[in-house]
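Structural features, examined
Read off the chains here:
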Amino acid sequence: MQGTVDGFSYGLVTPVAAFLMACLGGALGLRCTTRSLRHDDTFKAGWLALGATSIGTGIWTMHFIAMMGFSVRQAPISYDLPITFASLGVAVLMVGIGIFIVGYRAATALTLVTGGTITGLGIATMHYLGMAGMRLEGRIEYDTLTVALSVLIAVVAATAALWAAVSVHGFLASLGASLVMGVAVSGMHYTAMSAVSVHLHGGDAPAGPGDTATSLLPMLIGPAVFLILAAVVVMFDPLLVMGDPDRHRAPARAVHRPGIPAPRYVPTYGEPANWAARPAGRGARRAVHRAGHRSQDW
């Protein structure tokens, strides 16, 4: 028996909410990746890890919200929790591999394609693993060509997102890139869902142990809190809070060598302006001071 599939049981509520979550996760991930490339220090790995987790969590949350609107009219749907959470771990892991490749291997065409391919495959794997956790009294089948198209969309979207992270500058440009990524990820999801067909079994047995989509709603609390905290971290750079150790270190003055003109000494606040015209270095200033006393003796 062919099941009647409906992907918009709540109208536009679930697609719009899912799109916003994809945009939020993508925006945080792009921002973290950009900062990791600009801050080549001890925080680099932290920014990359936060970016990967943000993108993976945002995409997984987008998938979950969109699946709340998915229903089969003739059969109840439940979800297997271990497989559902395993799809989140796979998303974060594979997105992290792609982002770390770009972060530590420079933003060349090869690394962008490699990282984008791995990240896109991670997004697609998360989607279909999450679908594997769906339980109903029937069999789910997929159209091969549509599945291939959804994977291609995920790879292209991930590659474009990584390119935007290293090329796009400015708030409005970053906002536009996150919106494009949200459209691409949402498009990938609904393209993949259009490949689904459900063949129901003849019996009226229950769908089996698990949780329905609405009962899994509390699962959104954890990802939502994480994304809020990630947004706070992105807004406030840890370097600004903890202080830059190099900022408080006194600059080293060049040692004067014979035959090389001494660098000009720039006076600090409170020093007489005429010190700027004298040679740099404490010994040189003392020599000039002694020479001035000899000229007064004449």
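That block above? That's the structure.
Our subject in this report is the structure included herewith. Every value quoted in this text rests on a predicted model; they were computed, and no experiment measured them. Residues take numbers from 1 onward in each chain, read along the sequence in its written order. Where totals are concerned, whole chains, interfaces and linings use all residues; where local detail is concerned, this predicted model gives features only for residues with pLDDT of at least 70, and gives and counts side-chain atom pairs only at 80 or more. Working from all heavy atoms in the structure, the side-chain values ignore hydrogens and water.

Our next topic: the packing of aromatic side chains. Here a pair means two rings of Phe, Tyr or Trp (six-membered ring of Trp) with centres within 6.5 Å. Their orientation is stacked below 30 degrees between planes, edge-to-face above 60, and tilted elsewhere. With the rule as written, the count across this model stands at five aromatic pairs. Taken together, a centroid distance of 5.4 Å and an interplanar angle of 10° make the contact between Phe8 and Tyr190 stacked. One end of the pair, Phe8, is in the loop between β1 (5–6) and α1 (13–38); the other, Tyr190, is in helix α6 (residues 171–193), and 182 residues separate them in sequence. For Tyr190, a relative accessible area of 21% corresponds to the partly exposed category. Aromatic rings pair up to connect Trp60, Phe64 and Phe85 into one cluster. Counting from the N terminus, the helices are the DSSP runs of H or I reaching at least four residues and the strands are the DSSP runs of E reaching at least two. Only protein chains enter the calculation, and the probe is 1.4 Å; a residue is then buried if its accessible area is under 20% of its type maximum, exposed if over 50%, and partly exposed in between.

Each cavity reported here is a set of points on a 1 Å grid over the protein atoms alone in which a 1.4 Å probe fits but cannot get out, each pocket an open set with protein on both sides within 12 Å along at least five of seven lines, and each lining residue one with an atom within 4 Å of a point. Grid points are joined across faces, edges and corners, and a volume is the space filled by probe spheres set on the points. Applying the stated criterion across every chain, the model contains three cavities of 30 Å³ or more. The volume enclosed by the largest cavity comes to roughly 80 Å³. Residue lining of the largest cavity: Trp60, His63, Phe64, Met67, Tyr79, Thr84, Ser87 and Gly130, and that is the complete set. Secondary-structure elements contributing two or more residues to the lining of the largest cavity are α2 (44–68) and α3 (81–104). The greatest single-element share of the lining of the largest cavity, amounting to four residues, is contributed by α2.

Below, the discussion takes up the side chain of Thr33. Following the sequence through the fold, Thr33 ends up in helix α1. Each polar contact in these results corresponds to two N or O atoms within 3.5 Å; when the atoms are within protein, one needs to be able to donate a hydrogen and the other to accept it, and residues that are neighboring in sequence are counted only if both atoms are side-chain atoms. Among the polar contacts made by the side chain of Thr33, one reaches the main-chain carbonyl oxygen of Gly29 at a distance of 2.8 Å. Each residue touching Thr33, except ones within four places of it in the same chain, is listed here: Ile99 and Ala165. The contact criterion used is simple: two residues touch if any of their non-hydrogen atoms lie within 4.5 Å.

Honestly, it's all geometry; don't read function into it.
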